Amino acid sequence: WTLWTLWTLWTLWTLWTLSTLWTLFPSPQSYVYRQVHMGMEVRLVLDVEDETVARRAAEAAFATIASLDGRLSDYRPDSVVRAIERAAPDPVEVDGDVLAVVQQALQVARASGGAFDPTVAPVVALWREARQTGRLPDAGALARARALVD
């Protein structure tokens, strides 16, 4: 046997082995799920073999997103974020998820030098109301809201 023959045989055997092994493991399929949350389309692409697994994972992900949106949306009057805003500057007890998001938002505020500021919510709420009613915010209410901005 020449070296060339041995190398060729080894290469062919390796390719055959890999192609055989490849067929033992089915390639994952992409499953795409879409829902509207937080005023925008959320798209999940799950690469798994089993559609049932993909569907259950998508349902769980969308349920988590809906739960967080319900607690964190400043558009929902019953959300935790709005409760924090109404109670400001007094403390409000929140769950671990909300606390983690607020802590992350404050870190981003520091890192951005204040360009992103989650404490501006009371001022935003006044201007959002002004847009809906067509009337400028009361100067006193605006001053009180600005005093709450960190």
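Predicted model only: the values in this text are computed from it and were never measured.

1. Overview of the nonpolar core
(1) Moving on: If you look at the biggest cluster of nonpolar residues, it comprises 9 residues: Tyr31, Tyr33, Val42, Leu44, Leu46, Ala54, Ala58, Phe62 and Ile65.
(2) Moving on: Elements supplying a minimum of two residues to this core: strand S1 (29-37), strand S2 (40-48) and helix H2 (51-72).
(3) Moving on: For this core, the leading source of residues is H2, giving 4 residues.
(4) Moving on: Setting aside chain neighbours within four positions, we find Leu44 in contact with Tyr31, Val32, Tyr33, Ala58, Ala61 and Phe62.
(5) Moving on: Counting residues in hydrophobic clusters, the runner-up holds 5 residues, among them Val123, Leu126, Ala141 and Leu142.

2. Let's talk about the pattern of salt bridges
(1) Moving on: Counted by the stated rule, this structure contains 7 salt bridges.
(2) Moving on: Its salt-bridge partner being Glu41, residue Arg34 comes within 3.6 Å of it at the nearest N-O pair.
(3) Moving on: Its relative accessible area of 48% is what places Glu41 among the partly exposed residues.
(4) Moving on: A salt bridge links Arg55 to Glu59; its shortest N-O distance comes to 3.8 Å. Pair noted here: Arg55 and Glu59 are both in helix H2, with a separation of 4 residues, about one helical turn.
(5) Moving on: According to the relative accessible area criterion, Arg55 is partly exposed, its value standing at 36%.
(6) Moving on: Classification of Glu59 by relative accessible area gives partly exposed; the value is 46%.
(7) Moving on: Among the charged side chains, a salt-bridge network with shared partners connects Arg71, Asp95 and Asp97.

Thresholds applied
- Residues numbered from 1 in each chain as written.
- Predicted model: local features only at pLDDT ≥ 70, side-chain atom pairs only at ≥ 80, totals over all residues.
- Heavy atoms only, no water.
- Core = buried A, V, L, I, M, F, W, Y, C linked by side-chain atoms within 4.5 Å.
- Buried < 20%, exposed > 50% of the residue type's maximum accessible area, 1.4 Å probe, protein only.
- Helix = DSSP H or I, 4+ residues; strand = E, 2+ residues; numbered from the N terminus.
- Contact = heavy atoms within 4.5 Å.
- Salt bridge = Lys/Arg side-chain N within 4 Å of Asp/Glu carboxyl O.

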